[in-house]
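# Residue-level structure breakdown
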Amino acid sequence: MKIMNFSEANCSNCYKCVRTCRVKAIKIEDDQAHIVSDHCIVCGHCFSSCPQNARNIHSDLDYVKKILRSEEKVNISIAPSFRGFYEKSNEFIWGLKKLGFNLIEETAVGADITSKLYEKYISTSDQGIYITTCCPSVVLLIEKYYPALIPYLMPFTSPMISHGYLLKKENPKEKTVFLGPCIAKKCESLSEKHIGAIDAVLTFDEVSQWLKDEGIDYQNQESIEVDKFGSNFGSSYPVVGGILEGIRESIEEKGMTQLRVDGLDECIELFDELSRGTITGTCVEVSVCKQSCLGGPGGSNACSTTFSRVQTLKKYLNENDKKAEKNKHICEIDFSATFHNKKFEEKMPTEEEIIEILGTLEKYSKEDELNCGGCGYDTCRQKAISIYRGMSHKEMCIHYMKKCADKVTNEIFENSPNAILILNNEYEIIESNMAFSRYFGISPKEVKKRSIEEFISREKLDKVSSEGENIIWKKQSFLNGELYMRMSIISMNSKEGILIVLTDITSDELRKEEIRGLKEKTFEITQTVVEKQMRIAQEIASLLGETTAESKVAFNKLKDVFNKEESL
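Rules used throughout
- Residues numbered from 1 in each chain as written.
- Predicted model: local features only at pLDDT ≥ 70, side-chain atom pairs only at ≥ 80, totals over all residues.
- Heavy atoms only, no water.
- Core = buried A, V, L, I, M, F, W, Y, C linked by side-chain atoms within 4.5 Å.
- Buried < 20%, exposed > 50% of the residue type's maximum accessible area, 1.4 Å probe, protein only.
- Helix = DSSP H or I, 4+ residues; strand = E, 2+ residues; numbered from the N terminus.
- Pairing = 2+ DSSP bridges.
- Axes fitted to C-alpha atoms, helices over the stretch in contact; angles between N-to-C directions.
- Contact = heavy atoms within 4.5 Å.
- Patch = residues over 30% accessible without salt bridge, like charges linked within 9 Å, V, L, I, M, F, W, Y side chains within 5 Å.
- Areas by Shrake-Rupley, 256 points an atom, 1.4 Å probe, with all protein chains shown as cover.
- Salt bridge = Lys/Arg side-chain N within 4 Å of Asp/Glu carboxyl O.
- Lys, Arg positive; Asp, Glu negative; His and termini not counted.
- Charge placed at Lys NZ, Arg CZ, Asp CG, Glu CD.
- Disulfide = S-S within 2.5 Å.
- Parallel < 35°, antiparallel > 145°, perpendicular 65-115°, else oblique.
- Nonpolar A, V, L, I, M, F, W, Y, C, P; charged D, E, K, R; others polar.

## Side note on the nonpolar core
Formed by 52 residues in total, the largest nonpolar core has its most connected members in Ile26, Leu141, Phe271 and Val286. Counting residues per element, this core draws most heavily on helix 14 (residues 264-276), which supplies six residues. Core analysis: the second largest hydrophobic core is formed by 35 residues, Ile67, Phe85, Ile104 and Tyr316 among them.

## Some points on the pairing of strand 13 (residues 429-432)
Side chains on a regular strand alternate between the two faces of the sheet. Alignment of strand 12 (residues 419-423) against strand 13, held across three bridges, turns out to be antiparallel. What sits directly across from Leu423, in strand 13, is Ile429. Following strand 12, the chain reverses through five residues before pairing antiparallel with strand 13; Tyr427 in that reversal takes a positive phi of roughly 65°.

## Side note on the sheet that holds strand 5 (residues 74-78)
Taking strand neighbours across the sheet as the criterion, the four strands line up as 6-5-8-9 in an open arrangement whose pairing is parallel. Each end of this open sheet is capped by a strand with a single partner; those strands are strand 6 (104-106) and strand 9 (200-203). Taking the axes of each pair of neighbouring strands and ignoring which way they run, one obtains an average angle of 25° across the sheet. Along the sheet, helix 3 (residues 61-69) contacts strand 5, strand 8 (175-180) and strand 9; its crossing angle with strand 9, the most-contacted strand, is approximately 115°. Across the sheet, helix 5 (residues 89-99) lies against strand 5, strand 6 and strand 8, angled at about 155° from strand 5, the strand it touches most.

## Remarks on a negative patch on the surface
Taken together, the side chains of Glu8, Asp30, Asp31 and Glu395 make up a negatively charged region of the molecular surface. Mapping Asp31 onto the fold places it in the loop between strand 2 (26-29) and strand 3 (32-35).

## Concerning the state of the cysteines
On inspection of all chains with the given rule, the structure shows zero disulfides. Between Cys372, a free cysteine, and Cys375, which holds the nearest cysteine sulfur, the sulfur-to-sulfur gap is 6.3 Å. With relative accessibility at 49%, the residue Cys372 sits in the partly exposed group. On the basis of relative accessibility, which here comes to 9%, the residue Cys375 falls in the buried class.

## Observations concerning the sheet that holds strand 10 (residues 257-262)
What the three strands build is an open sheet, ordered 7-11-10; its pairing is parallel. Either end of the sheet is taken by a strand with one partner, and the two such strands are strand 7 (129-131) and strand 10. Averaged over all neighbouring strand pairs, the angle between strand axes comes to 15°, with direction disregarded. As defined by bridge partners, strand 10 adjoins strand 11 (residues 282-287) across six bridges and the pair is classed as parallel. Across the sheet, residue Val261 finds its bridge partner in strand 11, namely Val286.

## Observations regarding the packing of helix 6 (residues 108-124) against helix 8 (residues 159-170)
With their axes 7 Å apart at the nearest point, helix 6 and helix 8 run at an angle of 110° to one another. Relative to helix 8, the element helix 6 is oriented roughly perpendicular. Between helix 6 and helix 8, the residues in contact are Val109, Gly110, Ala111, Ile113 and Thr114 and Pro159, Ser162, His163 and Leu166, respectively. Along the lines of polarity and charge, the residues of the contact of helix 6 with helix 8 split into five nonpolar, four polar and no charged.

The values reported here are purely geometric and, on their own, carry no functional implication.
What follows is the structure, given as structure tokens:
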């Protein structure tokens, strides 16, 4: 089961997750970030850093709600870090009870078991280096990237798993949910070697939102204690150094040093040193989160800061010196754990292939390799290797894309058929292209620093510069009417000056003039023809009038003849 990935709807290709991921388990494909499970240590830091909140994390919340509705008894193992995340921690327990949970016990109960197992192991073995195994992301980091260090991992279950086994032993027919700030615990609970210990894992963020959705305001409610708590040593596990403090005597008896390491960068640095053999005779407490569990990504929506959580938890521990209750079933449970080499093999490009890929990024020398980290990789060579492995693409390189953009811009500027000018705030020409030189017969060198007012009125420039009203696509004649252009004057803001674009429309204007002349000539010819036709019509009318009169006279004479014949 895939525990987490990025939401496609929200990913905006900012590459912040790649920059955050120290093990480079994020692949950019089709402009979308994807988590590569084989590489991932499930620390969740990429999600905490994502500005788009493009989270897609496996959630057991619906499952938990379902079993609660079925009236099955559901118990909670709550990480002791909750005392830091929730200032009113006992009121928060009231809220959990309100949601329907049965027993609520601190995972510190399991932490106390882990401490006893660690103490005995250190006292009875002699391996020179001991590494705590409470943080599942640390375990994955060693299994996948530092398998040579696996023998140094103390071979016991984490407090969550230990407490889960104990709860199951005491309440075999009831479900067990772990609640804490860790996303990696979701992965750990699904591991085959721990199946059955924990039925579901919820984060503080999930439960806080659930309480809001249910309208449960626990802030001013009854203060309720957990049903079972661990010792102050077990409750100190979320604080940096808390694990070692609980087993300090065994470490000192062995004459070993102690190292407390929190944060993934520091873990990697330490494991590099341990791999080189430069550190020996030490017991190491490690957590991939800054300030250990109090910096867990599953509580990133909490309003408190990491350091205020540390203060809140320490204040609680100072005021509540509690001793662990005895657990009668401890001897009946096997808390041992085994770890395996999960290192994956990746193809490495040859030096020639790296140089070839760097060339496609226009990096031809060491000076070209800026190693800015903008793409998410520390060096340009690492970037080239990631491209070779299909984990990224060259368009993620900011400087490469800038060079491409500059090339396109220069091509457009130099080869545009339009005349382009850039003016400073004094209306002096600071840049011009070859098209302007062709149209106006002035070389770019000659036109530089000349005032544009030789060509365009100051009134138009002031209108754009002071009033911010751009002039777009207005016709303007130049060179005493020999050149006609469509002119756009655009303000680039008060600091950057003015952009002028001139498009030649001389041929169009000349064609219009030619058509206008043809129209006028046609009109004159038509008018002459019409006038001539009118004259002809008049002449015809005059002739028709004369012949009609003559016909009438002849008709009258013929009538007289007929009349005389009638009278005879």
